[in-house]
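Remarks on the overall topology
Okay, here's what each chain looks like letter by letter:
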Amino acid sequence: MPIHSDHPRRSTLEVAGLEVRYPRAATPIIRNTDIAIASGDAIGILGRSGSGKTTLLHAVAGLVPWLTPASVAGRITIGGDSVEDLDPGQRAHILATCLDRPETQLFLATVGQEIEAARRLYRGGRFVDAVVDGFALGPLLQRRVTELSSGERQRVALAVALAGCPRPILLDEPTAHLDSDGVAALVDLLGRARSRGAAIAVTEQAGWRFGDAVTGWAEIDGGCLNPTAAPRVPVIPAPLHQPGAEVVLSCRGVSVSRGDRRLAEDVDIDLHEGEVALVSGLNGSGKSTLARVLAGLAAPGRGEVRRRGRVALMFPESDLQLFASTVIGEVAVPGTRQEERARVLRRHRLEHLAARAPWSLSRGEQQRLVHAALDMLQPDVMIVDEPAQGLDRDDLLDLLELIRRRSAKGRAYLVISHRPELAAAAHRRFVLRERRLDEVGS
């Protein structure tokens, strides 16, 4: 069914009869899809993890089939001109993209160099300055890209993409790493880009964060794109049990740094058996660095961390924790039976992907697979860094229900996230700000 924006002006981005089929796939992942997005409109695209949202944007950007082999049929036009014969580099001059892994789009040494490259590519002026100001990138311009947090890298990648306004803009999961300030800046800049004539297509699992910045929503189901209602904030139940008395993870007077930058000082925390605790904070505040120190993957600058039993850490970059050649191989923990492996894949909605290569999965599928693999280790403490990224509403609720069941049986969880709705799932909440970790409500 065609998806059309309601804007009366002529569409600047059109897709007609698009079909995408990956090699050896039984059915197309995208089929018979029509989209028409007018200058000044933004269409949000929903769908379960692995439904084809990223594939759709990659086909428009030319990454499929130019970089990812696939059979592609249909017609894609920008401003009325066909782009099927243009490779991704050629299309980059007439549309702008920010993919779901922003680190793969940043190539230069510093943030300032990335912004200047975007200014030259898009011949930008005032709007480039507007996106730099909107995302508060001024203090980061001299920083090396490799020193940035995930959220800071996402701000830079989004700024580079939005600098392409008024060209059509493709955004894939743009809020995945953003804190509340970053989301507010993105919403404001999307409105300003629309007012300048940009046609915007955005995939997003947490679509409620956009408010009125998105003018219409569609959902991919069974390969087809159909109109749908705007997504709602999920209702997340609170834990029903109380934590135990035994402390399973403790730190006293801990300081952490990234490079020569001190991020946190004098951190004290006790995590109890069966407790779920949430740590939030602004992008770049040091949440992920603290998680690595607590898990034992990095040493604190000073202070002491004590752990009882096994501690597992789930990175925000799920692909860094996938090593096997197949999905079933990722959960093949020594000493476990085949029935156990099948059961954990079924629990995480991955059984139909057992023979697939992990690198071929969607972001949400990879996220679920890493959690399944760590779940098989049966750790005493699970530190989960940004667990919601890539997960659709139902998968997020399933994950939180699993956390609730596991914690009720004694496993402690430390959840690192900027998503405010996850606070409902925790016994206690902490905020890392101005180098201090403070308990909310204490």
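Rules behind the numbers
- Residues numbered from 1 in each chain as written.
- Predicted model: local features only at pLDDT ≥ 70, side-chain atom pairs only at ≥ 80, totals over all residues.
- Heavy atoms only, no water.
- Helix = DSSP H or I, 4+ residues; strand = E, 2+ residues; numbered from the N terminus.
- Expected span 1.5 Å × (residues − 1).
- Buried < 20%, exposed > 50% of the residue type's maximum accessible area, 1.4 Å probe, protein only.
- Phe/Tyr/Trp six-rings, centres within 6.5 Å; stacked < 30°, edge-to-face > 60°.
- Lys NZ or Arg CZ within 6 Å of the ring centre and 35° of its normal.
- Pairing = 2+ DSSP bridges.
- Axes fitted to C-alpha atoms, helices over the stretch in contact; angles between N-to-C directions.
- Contact = heavy atoms within 4.5 Å.
- Core = buried A, V, L, I, M, F, W, Y, C linked by side-chain atoms within 4.5 Å.
- pLDDT = per-residue confidence, 0-100.

1. Notes on helix 11 (residues 363-376)
Given 3.6 residues per turn, any residue in an α-helix points the same way as the ones three and four places further on. Along its 14 residues, helix 11 runs 20 Å from first to last C-alpha, staying within 8% of the 20 Å computed at 1.5 Å per residue. With 14 of 14 residues buried, helix 11 lies mostly within the body of the structure. Positive backbone phi, approximately 50°, marks Q378, located one or two places after helix 11.

2. Description of the packing of aromatic side chains
For the structure on display, the rule yields one aromatic pair. Ring plane angle 50° and centroid distance 6.5 Å describe the contact between F210 and W217, whose orientation is recorded as tilted. Of the two residues, F210 and W217, both sit in the buried class. Above the face of the F315 ring, R292 is positioned so that its terminal group lies 4.7 Å from the ring centre.

3. Focus on the sheet that holds strand 20 (residues 436-439)
What holds strands together in a sheet is hydrogen bonding between their backbones, with the strands either parallel or antiparallel. Within the open sheet, the six strands sit side by side as 16-17-18-14-19-20. Their pairing is mixed. The open sheet is flanked by strand 16 (311-314) and strand 20, the only strands paired with a single partner. Taken over all neighbouring pairs, the strand axes of this sheet differ in orientation by 20° on average, direction set aside. Direction of pairing for strand 16 relative to strand 17 (residues 381-385): parallel, over a ladder of four bridges. Bridge pairing in strand 17 links M314 to V384. Docked against the sheet, helix 8 (residues 287-295) engages strand 14 (276-281), strand 16, strand 17, strand 18 (412-416), strand 19 (428-433) and strand 20, running at close to 160° with respect to strand 17. Running over the sheet, helix 11 touches strand 16, strand 17 and strand 18 and is turned about 175° from strand 16.

4. Notes on the nonpolar core
Formed by 44 residues in total, the largest nonpolar core has its most connected members in F135 and L162. Broken down by secondary-structure element, the contributors of at least two residues to this core are strand 4 (42-47), strand 7 (96-98), helix 4 (111-122), helix 5 (126-134), helix 6 (150-162), strand 8 (169-172), helix 7 (180-195) and strand 9 (200-203). Considering each element in turn, this core owes the most residues, seven residues, to helix 6. Ignoring any residue separated from it by four or fewer positions in sequence, one finds L162 in contact with F127, V131, F135, I169, L186, L189 and L190. By size, the runner-up hydrophobic cluster in this structure holds 33 residues, among which are V333, L361, Y413 and V415.

5. Regarding the environment of V128
With respect to the helices and strands, V128 occurs in helix 5. With relative accessibility at 2%, the residue V128 sits in the buried group. As for V128 and G40, which are separated by 88 residues in sequence, their C-alpha atoms are 18 Å apart.

6. Digging into the sheet that holds strand 11 (residues 224-228)
An order of 7-8-9-4-10-11 is seen for the six strands of this open sheet, with the pairing classed as mixed. Two strands in the sheet have a free side with no partner beyond their single neighbour: strand 7 and strand 11. Looking at each pair of strands side by side, their axes are set apart by 20° on average, direction ignored. Sitting on the sheet, helix 1 (residues 53-61) is in contact with strand 4, strand 7, strand 8, strand 9, strand 10 (216-221) and strand 11, with an inclination near 150° to strand 8.

7. Describing the environment of A354
Looking at the secondary structure, you find A354 in the loop between helix 10 (338-347) and helix 11. The exposure class of A354 is partly exposed, given its relative accessible area of 21%. Sequence separation of A354 and I328 is 26 residues, and the distance between their C-alpha atoms is 4.8 Å. Once residues lying within four places of it in the same chain are set aside, the contact partners of A354 are T326, V327, I328 and L345.

8. Some thoughts on the confidence of the model for the chain
For the chain, mean pLDDT is 91; residues scoring 70 or higher make up 97% of the total. Note on residues 6-10: pLDDT under 50 across the span, and twelve contacts to partners over four residues away in sequence or across chains.

9. Here's the deal with unusual backbone geometry
Between V64 and P65 the backbone carries a cis peptide bond, its omega angle lying at 10°. With respect to the element layout, P65 can be found in helix 2 (residues 63-66). Of note, the amide linkage connecting C165 to P166 takes the cis form, showing an omega dihedral of 15°. Summarising the element assignment, P166 is placed in the loop between helix 6 and strand 8. With a phi angle near 55°, R349 is a residue other than glycine that sits in the positive phi range. Considering the arrangement of structural elements, one finds R349 in the loop between helix 10 and helix 11. In this structure, R435 is a non-glycine residue whose phi angle is positive, near 70°. Positionally, R435 belongs in the loop between strand 19 and strand 20.

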